[in-house]
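# What the coordinates show
Next come the chains, spelled out residue by residue.
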Amino acid sequence: MRAAWLLSLALWASPVWAALPATTVFEVHPANGNDTFGACYDTATVVTDYTNQDTAQLTLTDCATSGAGVTTVTSVTGGFTAAMVGNCIRIDSGTNVTAGFYMITSRTDTNTIAVDRAPDNAVGGISGGACKVGGAAKTFESATTNDLSDALVAGAKVWIKNEAMNEAVTSTISGTGGSPIILEGYNTTRGDAPTGATRPTNDRAAGAGDAWNISGSQYLVRYLIGKSAAGDGFDSGGQNIAYEYCRATANGADGFVSGDNDRSNSPWFYLESDLNTSDGFQETGGAAQGRAIWSYSHDNTAVGFNLATHVNIFGVISESNASHGTLNGSGSQHIILNSVFDGNTGVNTDGINRGTNTGLGTVIANNIVSNNGDDGLVGGTIVAEFQINFNDVYNNTGAAYTGFVAGANDITTDPSFTDRANGDFTLASGSGALGAGLPQSIPGATGDYQWNIGVDQDDVCAGGTGGAGGWGF
Amino acid sequence: MPILILCLVLWSATAWAEPAEVAHERARLVSSGKPDLTAKEVDDLTMRGWRNRRPGEHTPLIGRTFRPSDYVNDAHRGTVDFVSGWRNYSYHLVQIPSGSTVLEVNLSQIAPDTECVDRTPGIYGHNLTFQDSNLVNCKVYPDWTVIGSNTAQIDHIGNLDDPDQVVVEDAVYVADHPSRIPPVRVKPPKALE
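Per chain, residue numbering runs from 1 following the sequence as it is written. Think of it this way: whatever chain is written first is A, whatever ligand is written first is 1, and the rest follow in order. Only residues with pLDDT of 70 or above have their local features reported here, since the model is predicted, and side-chain atom pairs are shown and tallied only from 80 upward, although totals for entire chains, interfaces and linings are computed over all residues.

## With respect to the overall build of chain B
- In terms of regular secondary structure, chain B is built from three helices and nine strands.
- In sequence order, chain B lays out its α and β elements as α-α-α-β-β-β-β-β-β-β-β-β.
- Relative to the compact-globule value of 16 Å for 193 residues, chain B shows a C-alpha radius of gyration of 21 Å, a clear excess of over 25%.
- Think of it as a crowd count around each C-beta: if 20 or more other C-beta atoms lie within 10 Å the residue is buried, if 12 or fewer it is exposed, and in between it is partly exposed, with C-beta placed from the backbone throughout. Relative to its 193 residues, chain B shows a buried fraction of 34%.
- Long-range contacts, defined here as pairs at least 24 residues apart, represent 43% of the contacts in chain B between residues at least 6 apart. Helical segments are the DSSP runs of H or I of at least four residues, strand segments are the runs of E of at least two, and each set is numbered from the N terminus. Between the two quantities, the radius of gyration covers C-alpha atoms and the globule rule is 2.2 Å times the number of residues to the power 0.38. Residue pairs qualify as contacts under a 7 Å threshold applied to their C-beta atoms, which are placed from the backbone.

And the structure:
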């Protein structure tokens with residue numbers, strides 16, 4: 001009985017069940033980091049953050065504990081400082097070591113610290129431990145066990161510096177609704193919100209797999225690029241994975257994808273997906289609610305926005321793809337507003353192909369659907385007036401409408417984009433889409449609320465406002 | 001005499017009742033400021049339902065009523081010229097002047113090791129530089145310089161039951177470069193070529 005109790009205690013003390021705190025922040029330097037470095041700190045307790053550097057602050061080879069389950073780590077060599085409290089110590093190898101990131105919770109002296117959980121393998125105390133404090137990690141999935149991907153916890157944040165990167169990143173740990181896991185890129189200074197090529201680029205160089213594969217749930221992914229993977233740029237296997245300011249380019253499959261089962265509420269904001277061999281954006285989950293907002297899908301080999309069920313598209317541009325501008329499945333709640341579907345190429349390529357669903361939840365309004373290889377709008381019966389209205393359907397090679405009938409306020413004039421060849425889909429002066437959008441008025445309210453058709457709301461509208469009066473896209 | 005009258009009536013009906021596709025295309029071209037259909041294009045539209053793609057016509061590359069004369073199906077879209085401002089040449093063979101530097105284009109093909117650029121000696125396809133482009137399943141030549149581009153080779157599985165609508169259902173990674181495609185390999189069932 002006593003032996004069993006001791007075994008239970010040993011198992012309880014094992015790091016298998018322990019985790020870093022939710023306030024843990026990791027640092028990744030894809031070119032200059034090292035997977036044996038400390039790489040993380042606790043925002044709640046850190047004295048000095050030593051993670052954002054390319055060298056370890058302290059390197060030891062004689063870390064030890066006095067027995068299994070003991071959280072006091074000693075080193076005869078020493079070098080522990082008070083400023084290291086709140087940083088992680090990576091214990092990577094040694095006798096009885098369970099490799100991993102351990103948080104320094106207190107310091108006794110230069111030779112002694114306490115960590116958040118015992119670093120042993122439940123067989124006995126560790127000895128000859130290779131330990132490093134500080135310095136950034138190099139990868140998410142290093143060759144060792146208990147790497148950065150394994151160490152993530154709900155609420156954790158990972159900073160990724162803009163350095164040369166080529167890794168098939170997989171992230172399986174989930175966050176929670178109130179404490180998502182955040183992956184955020186930066187150029188030179190954390191939080192500098194990089195744009196264009198200054199975002200960290202995971203260039204897979206035609207390697208197998210996805211650039212970024214997140215199968216955990218509850219993530220926020222920001223300011224990153226996935227490039228030249230044989231698979232997807234960003235593949236979301238979990239639910240509620242939000243992307244902002246990312247780009248997927250020249251990948252061998254989809255740009256952004258949420259796949260095979262219920263992956264609801266995966267919003268896409270301010271994204272670019274281009275030159276990918278399959279869809280720019282794909283959301284095909286059973287009860288998925290793809291939400292594409294202010295995003296740009298162009299020059300992909302398949303569909304611009306391939307969204308299955310409860311589609312929400314607002315303020316997107318889908319152009320020059322080799323299949324439909326958007327293809328929507330059987331769901332009944334498609335909302336497609338203020339978007340541009342232009343110049344998508346193919347004998348059967350439509351601007352908006354909504355399938356045959358006739359649900360009243362569908363609203364297609366204020367869109368420009370122009371110059372596509374086949375029809376403009378394809379879909380089923382529309383009953384209510386608000387469902388299709390105020391669209392500019394112009395110069396599509398096939399029929400303007402197939403299945404649908406034209407909305408009462410749809411127009412068929414050249415939208416006159418400023419410079420579509422160079423990706424400028426703003427409305428040039430004199431465009432018929434200016435001031436021709438929904439709504440003309442809001443019942444019970446006074447004033448002129450009329451928008452432009454399309455994405456661009458920054459020019460003169462019917463209300464006479466311009467510049468600051470628009471949305472400022 | 002009645003037969004002659006009947007023939008005249010039929011001829012007259014054919015001449016005056018322009019096929020709807022011709023009328024539609026004529027109206028579309030005129031409304032978008034492009035030249036009207038030629039007599040040959042009217043014949044093509046009447047006889048086969050589409051006309052040859054005109055040189056320089058690039059918005060979009062193909063459509064219901066126009067395509068290259070060597071168009072086969074949705075996965076083999078025929079030969080087109082390289083035009084400034086258009087970057088998506090998926091499933092096409094493109095004529096890029098030799099010595100060109102090409103930035104951010106999509107030349108994806110359906111099957112590995114496919115010619116994606118016309119290599120007419122002295123004119124097209126030699127000494128090219130590709131930067132940040134998608135060359136998935138393209139045959140890559142030694143005289144090309146390839147920078148930051150995707151040269152992955154991938155088998156695509158699906159169907160062309162509707163020849164104008166390729167359906168890709170799955171993909172199998174073959175190699176990171178056409179030169180590293182295994183000399184002996186078994187293609188998956190229903191691999192598209």
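## Some remarks on the overall build of chain A
- For chain A, the count of helices and strands is two helices and 39 strands.
- For chain A, the residues scored as buried account for 58% of the 473 residues in total.
- For chain A, long-range pairs separated by at least 24 residues make up 59% of all intrachain contacts whose partners lie at least 6 apart in sequence.

## So, the confidence of the model for chain B
Residue and element names in this part refer to chain B.
- The quantity known as pLDDT measures the predictor's confidence residue by residue, on a range of 0 to 100. Taken over all residues, the pLDDT of chain B has a mean of 91, while the share at 70 or more is 91%.
- With pLDDT under 50 throughout, residues 6-16 is counted as low confidence; its partners more than four residues away or in other chains account for zero contacts.
- Two summary scores accompany this predicted model of the complex, namely pTM at 0.92 and ipTM at 0.92.

## Quick look at the nonpolar core
- Residues Phe 26, Ala 39 and Cys 246 of chain A together with Val 94 of chain B are the most contacted members of the largest nonpolar core, which totals 141 residues.
- At four residues, strand β6 (residues 100-109) of chain A tops the list of elements feeding residues into this core.
- For Val 94 of chain B, the residues in contact, after removing those within four places along its chain, are Val 80, Phe 82, Tyr 89, Leu 107, Cys 116, Val 117 and Asp 118 of chain B. When buried Ala, Val, Leu, Ile, Met, Phe, Trp, Tyr and Cys residues are joined through C-beta atoms within 7 Å, the set is termed a nonpolar core.

## Regarding the domain arrangement of chain B
- Domain limits in this description derive from either an automatic procedure or a database domain assignment. In terms of domain boundaries, chain B breaks down into domain 1 (1-52) and domain 2 (74-193).
- Averaged C-alpha coordinates put domain 1 of chain B and domain 2 of chain B at centres separated by 37 Å.

## Quick notes on the sheet that holds strand β11 (residues 181-186) of chain A
- Paired strands, as defined in this entry, are two strands with at least two bridges between them according to DSSP. With mixed pairing, 12 strands are arranged side by side in an open sheet as β2-β1-β9-β11-β14-β17-β20-β23-β26-β29-β32-β35 (chain A). Single-partner strands in this sheet number two, and they are β2 (40-42) and β35 (388-389) of chain A.

## With respect to the domain arrangement of chain A
All names here are of chain A.
- The domain architecture assigned to chain A consists of domain 1 (19-133) and domain 2 (155-427).
- Taken together, the contact between domain 1 and domain 2 spans 11 residues of the former and 12 residues of the latter.
- In the side of domain 1 that touches domain 2, the residues fall into six nonpolar, four polar and one charged. Just so you know the grouping, Ala, Val, Leu, Ile, Met, Phe, Trp, Tyr, Cys and Pro go in nonpolar, Asp, Glu, Lys and Arg go in charged, and all remaining residues, Gly too, go in polar.

## Describing the pairing of strand β1 (residues 24-28) of chain A
All names here are of chain A.
- Counting buried residues along β1, five of its five residues qualify, which places the element largely inside the surrounding structure.
- Here β1 shows a buried face lined by Thr 24, Phe 26 and Val 28 and a second buried face lined by Val 25 and Glu 27.
- Across three bridges, β1 lies against β2 in antiparallel orientation. Note that in β2 the partner of Thr 24 across the bridge is Asp 42.

## Concerning the sheet that holds strand β6 (residues 129-131) of chain B
Residues and elements named next belong to chain B.
- Ordered in space as β5-β6-β7, the three strands form an open sheet in which the pairing is parallel. Strand pairing shows two members of the sheet lacking a second neighbour, β5 (101-103) and β7 (145-147), which therefore form its edges. Taken pair by pair, the neighbouring strands of this sheet meet at an average axis angle of 10°, ignoring direction.
- Bridge analysis of β6 against β7 gives three bridges, and the strand direction is parallel. If you follow Phe 130 over to β7, its bridge partner there is Val 146. Axis lines are fitted through C-alpha atoms, for helices just across the contact stretch, and the angle between N-to-C directions can take any value from 0 to 180 degrees.

## Thoughts on the packing of helix α2 (residues 20-31) of chain B against helix α3 (residues 39-48) of chain B
Residue and element names in this part refer to chain B.
- Look at α2 against α3: their axes get within 9 Å of each other, and the N-to-C directions meet at 140°. The angle between α2 and α3 falls in the class oblique. α3 is crossed by α2, and the crossing has right-handed handedness. Along the contact surface, α2 presents Glu 21, Val 22 and Glu 25, while α3 presents Val 42, Leu 45 and Thr 46.
- When the residues that make up the contact of α2 with α3 are grouped by side-chain class, the tally is three nonpolar, one polar and two charged. Roughly parallel refers to an angle under 35 degrees, roughly antiparallel to one over 145, roughly perpendicular to one between 65 and 115, and oblique to any angle outside these ranges. The sense of a crossing depends on the near helix, which, turned anticlockwise from the far helix by less than a right angle, makes the crossing left-handed and, turned clockwise, makes it right-handed.

## Examining the interface of chain B and chain A
- Each partner contributes residues to the interface: chain B has 38 residues there, and chain A has 33 residues.
- Broken down by secondary-structure element, the contributors of at least two residues to the side of chain B that touches chain A are α2 and β9 (165-175) of chain B.
- For the side of chain B that touches chain A, the element with the highest residue contribution is β9 of chain B, accounting for four residues.
- Its residues placed into classes, the side of chain B that touches chain A shows 11 nonpolar, 18 polar and nine charged.

## Describing the environment of Leu 327 of chain A
Residues and elements named next belong to chain A.
- Examined against the element boundaries, Leu 327 turns out to sit in strand β28 (residues 326-328).
- Since 23 C-beta atoms lie within 10 Å of it, Leu 327 is described here as buried.
- Along the primary structure Leu 327 and Thr 412 are separated by 85 residues, whereas in three dimensions their C-alpha atoms are 22 Å apart.
- Filtering out sequence-adjacent residues up to four positions away, Leu 327 remains in contact with Val 303, Asn 306 and Asn 353.

## Here's the deal with the confidence of the model for chain A
- Mean pLDDT for chain A: 89, with 87% of residues reaching 70 or above.
- Scored below 50 in pLDDT, residues 1-17 of chain A makes 12 contacts in the model with residues more than four places away or belonging to other chains.

## Concerning the environment of Leu 271 of chain A
- Mapping Leu 271 of chain A onto the fold places it in the loop between β20 (267-269) and β21 (272-274).
- Taking the C-alpha atoms as reference, Leu 271 of chain A lies 44 Å from Leu 60 of chain A; in sequence the two are 211 residues apart.

## Quick word on the environment of Tyr 394 of chain A
All names here are of chain A.
- In this structure, Tyr 394 sits in strand β36 (residues 392-394).
- Since 25 C-beta atoms lie within 10 Å of it, Tyr 394 is described here as buried.
- Dropping the residues within four chain positions of it, Tyr 394 is found in contact with Ser 370, Thr 412, Thr 413, Asp 414 and Pro 415.

## Observations concerning the pairing of strand β9 (residues 157-161) of chain A
Residues and elements named next belong to chain A.
- Where burial is concerned, most of β9 is hidden: five out of the five residues are buried.
- Burial of the side chains of β9 extends over both faces: Lys 157, Trp 159 and Lys 161 are buried on one face and Val 158 and Ile 160 on the other.
- Here β1 runs beside β9; their pairing, made up of four bridges, is parallel. In the strand pairing of β9, Val 28 is matched with Ile 160.
- Bridge count between β9 and β11: five bridges; the pairing is parallel. Within β11, the residue paired with Lys 161 across the bridge is Tyr 186.

## Re unusual backbone geometry
- Cis peptide bonds are those with omega within 30 degrees of zero, and the linkage from Leu 438 of chain A to Pro 439 of chain A qualifies with -10°.
- Tracing the sequence through the fold places Pro 439 of chain A in the segment after β39 (424-427).
- Its identity is not glycine, yet Tyr 245 of chain A carries a phi of approximately 55°, on the positive side.
- Within the secondary structure, Tyr 245 of chain A sits in the loop between β17 (241-244) and β18 (247-249).
- Judged by local crowding, Tyr 245 of chain A falls into the partly exposed class, with 19 C-beta atoms found within 10 Å.
- For Asp 132 of chain B, which is not glycine, the phi dihedral falls at a positive 50°.
- By the element assignment, Asp 132 of chain B lies in the loop between β6 and β7.

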